[in-house]
Amino acid sequence: MITINENFLKLKAGYLFPEIGRRVAAFAKANPAARIIRLGIGDVTEPLPDAVIKAMHEAVDQMGRRDTFHGYGPEQGYEFLRKVIVENDYASRGVKIDTDEIFISDGAKCDTGNIQEIFGLDNIIAVTDPVYPVYVDTNVMAGRTGDCDANSRYAKIVYLPCTAQNNFVPALPKEKVDILYLCYPNNPTGAVATKEQLKVWVDYAKQHKSLILFDAAYEAYIRDPKLPHTIYEIDGAKDVAIEFRSYSKTAGFTGIRCAFTVVPKSLKAYTKDGKAVEVAPLWNRRHCTKFNGVSYVTQIGTTAVYTPQGKQQVRRIIDLYMENAALMVKSLTELGYKVYGGCNAPYVWVKTPNNVGSWEFFDLLLQKANVVCTPGAGFGAAGEGYLRLSAFNQPERVKEAMDRIANL
Ligand code: MLT
């Protein structure tokens, strides 16, 4: 008899974004004339930068000639891409990362979801609440949690509430945890963490031999020059942290797929009897077994992001999204909403009026304004009473969404 992985039966509902997609599709079917504006899932709308397009065209042409054709590449990524990452994302900020500490992949979602495979099932996981659902669901699937309660919280996970009171940067856990997921600039709250705040976490991890899984997918949106762009700007972080980066929101690659993970060579985890083991070879082993690398054409396109033209074009696109975020913050604040984020992140976190439930407000916005948001409750119990608006859309559509919300 075939049996299933029963951990999957613990999962509360469908994955958040398909569930929203389902509701929006049902609404659109019932209301074919509605002009829906999507500020829900953080999916980019601007076309790829010219520098990327040009580089990819050339790479496609190379693939069409025997002498420049590329078959399987290195699973960890081509050296030419890892080199520009090291120079531009780390050395430029005074951080020494070696190219063999970089693992190119097809997305930070996959990497943040897959990384848990190389760690023991007994580890106690801590997540912020609200949180990007991938961190939680992948640990549920692996069997690292108990059942889900009525507040959508799983037994054995430590939840660290992020509230307006703590500026959405949580306090340290009271109990000892082994693996901590942090995401800054934060999805979904748009909050940022200062160097001092990250240092507290790095010190905790050092003290408890814990690991920080640091999701920096929105790093490109940081405007404030005082904020750290990588957790490795904090002394000692290379001994306790893995960092995830993505080109999805940086260079408009949600449909192209390219990201990378940094696993420093000095990072150690432990066997049950306390023997220290390097983590990077484990991740490398997993990567080589389950992944054949990102396509040559994509990696050439990604490398173009780091050229002077690429950087300038990417900056222009990010500026456009950040102008959307600024407009949302301004309009909603003027309308009397309590609004957070949107300054160093492409997400705006909005308190629902009169404590209306997140899903109720989601339905209201969809039905009355034909605007799609993401209900805060979808990111965890502490997200109840909030909604997330994404800045990824065309400016005129964002403006229209704000006008419609004003007329609610
Ligand atoms: C989001 O909307 O939270 C993101 O687009 C989801 C993702 O990056 O997987």
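Residues numbered from 1 in each chain as written. Predicted model: local features only at pLDDT ≥ 70, side-chain atom pairs only at ≥ 80, totals over all residues. Heavy atoms only, no water.

Things to note about the site of the ligand
- As a matter of local geometry, the ligand sits amid F17, I41, G42, K109, Y132, N187, Y218, K249, Y347 and R388.
- With respect to the ligand, the side chain of N187 contributes an N or O atom lying 2.9 Å from an oxygen atom.
- When isolated, the ligand has an accessible area of 270 Å², and the protein chains bury 85% of it.
- Each residue belonging to the shell around the ligand can be placed in one class, and the counts come to 5 nonpolar, 2 polar and 3 charged.
- Mapped onto the domain boundaries, the shell around the ligand takes at least three residues apiece from domain 1 (6-47 + 309-406) and domain 2 (54-306). (Near = heavy atom within 4 Å. Polar contact = N/O pair within 3.5 Å; in protein donor to acceptor, adjacent residues only side chain to side chain. Areas by Shrake-Rupley, 256 points an atom, 1.4 Å probe, with all protein chains shown as cover. Nonpolar A, V, L, I, M, F, W, Y, C, P; charged D, E, K, R; others polar. Domains from an automatic or database assignment.)

Overview of the sheet that holds strand β7 (residues 241-246)
- Sheet architecture is open: 7 strands sit in the order β2-β8-β7-β6-β5-β3-β4, paired in mixed fashion. The open sheet terminates on both sides in strands that have one partner only, identified here as β2 (102-105) and β4 (157-161). The sheet shows a mean angle of 20° between the axes of neighbouring strands, taken without regard to direction.
- As paired strands, strand β3 (residues 125-129) and strand β5 (residues 179-183) are joined by 3 bridges and run parallel to one another. Among the inter-strand pairings, A126 is bridged to a residue of β5, identified as L180. (Pairing = 2+ DSSP bridges. Helix = DSSP H or I, 4+ residues; strand = E, 2+ residues; numbered from the N terminus. Axes fitted to C-alpha atoms, helices over the stretch in contact; angles between N-to-C directions.)

Topic: the domain arrangement of the protein
- Taken domain by domain, the protein comprises domain 1 (6-47 + 309-406) and domain 2 (54-306).
- Each of domain 1 and domain 2 was reduced to a C-alpha centroid, and the two centroids are 24 Å apart.
- Across the boundary between the two partners, domain 1 contributes 36 residues, which contact 49 residues of domain 2.
- Approximately 3,400 Å² of surface area, both sides summed, lies buried where domain 1 meets domain 2, with 60% of it carried by carbon and sulfur atoms.
- Of all residues in domain 1, K10, Y15 and N344 bury the most surface against domain 2, accounting for 20% of the area lost on that side.
- Taken together, the links from domain 1 to domain 2 amount to 1 salt bridge.
- The shortest N-O distance in the salt bridge between R223 and D319 comes to 2.7 Å.
- The tally of links from domain 1 across to domain 2 stands at 17 residue pairs in polar contact (both at pLDDT 80 or more).
- Sorting the residues of the side of domain 1 that touches domain 2 by element identifies α10 (308-334), β11 (339-341), β12 (347-351) and β15 (386-390) as the ones contributing at least two each.
- The element best represented in the side of domain 1 that touches domain 2 is α10, accounting for 8 residues.
- Here the residues of the side of domain 1 that touches domain 2 are counted per class, giving 20 nonpolar, 9 polar and 7 charged. (Contact = heavy atoms within 4.5 Å. Buried area = accessible area lost by both parts, 1.4 Å probe. Salt bridge = Lys/Arg side-chain N within 4 Å of Asp/Glu carboxyl O.)

Points about the environment of V158
- Locating V158 in the fold gives a position in strand β4.
- Judged by its relative accessible area of 10%, V158 falls in the buried class.
- Spatially, the C-alpha atoms of V158 and P173 are 7.7 Å apart, while their sequence positions differ by 15 residues.
- For V158, the contacting residues outside a window of four places in its chain are I124, I125, A126, V127, P173, E175 and V177. (Buried < 20%, exposed > 50% of the residue type's maximum accessible area, 1.4 Å probe, protein only.)

Points about the side chain of T145
- Mapped onto the elements of the fold, T145 is located in the loop between α5 (133-142) and β4.
- Residue classification places T145 among the buried residues on the basis of a relative accessible area of 3%.
- Among all residues touching T145, those that are not within four sequence positions of it are K10, N139, V140, Y154, A155, K156 and I157.

Re the packing of aromatic side chains
- Counted according to the given criterion, the structure contains 22 aromatic pairs.
- With centroids separated by 6.4 Å and ring planes inclined at 80°, the aromatic side chains of Y90 and F260 adopt a geometry described as edge-to-face. Separated by 170 residues along the polypeptide, Y90 in helix α3 (residues 79-90) and F260 in strand β8 (residues 259-262) bring together distant segments of the chain.
- One Lys or Arg, K209, reaches over the ring of Y270 and ends 5.0 Å from the middle of that ring.
- A cation sits over an aromatic face here: K351 above Y386, 5.0 Å from the ring centre. (Phe/Tyr/Trp six-rings, centres within 6.5 Å; stacked < 30°, edge-to-face > 60°. Lys NZ or Arg CZ within 6 Å of the ring centre and 35° of its normal.)

What about the pairing of strand β6 (residues 211-215)?
- Within β6, 5 of the 5 residues are buried, leaving the element largely enclosed by the surrounding structure.
- Considered for its hand, the β-α-β crossover made up of β5, helix α6 (residues 195-208) and β6 is right-handed.
- Here β6 pairs with β7 via 4 bridges, running parallel. Within β7, the position partnered with D215 by the bridge is F244. (Right-handed = clockwise from strand over helix to strand, strands pointing away.)

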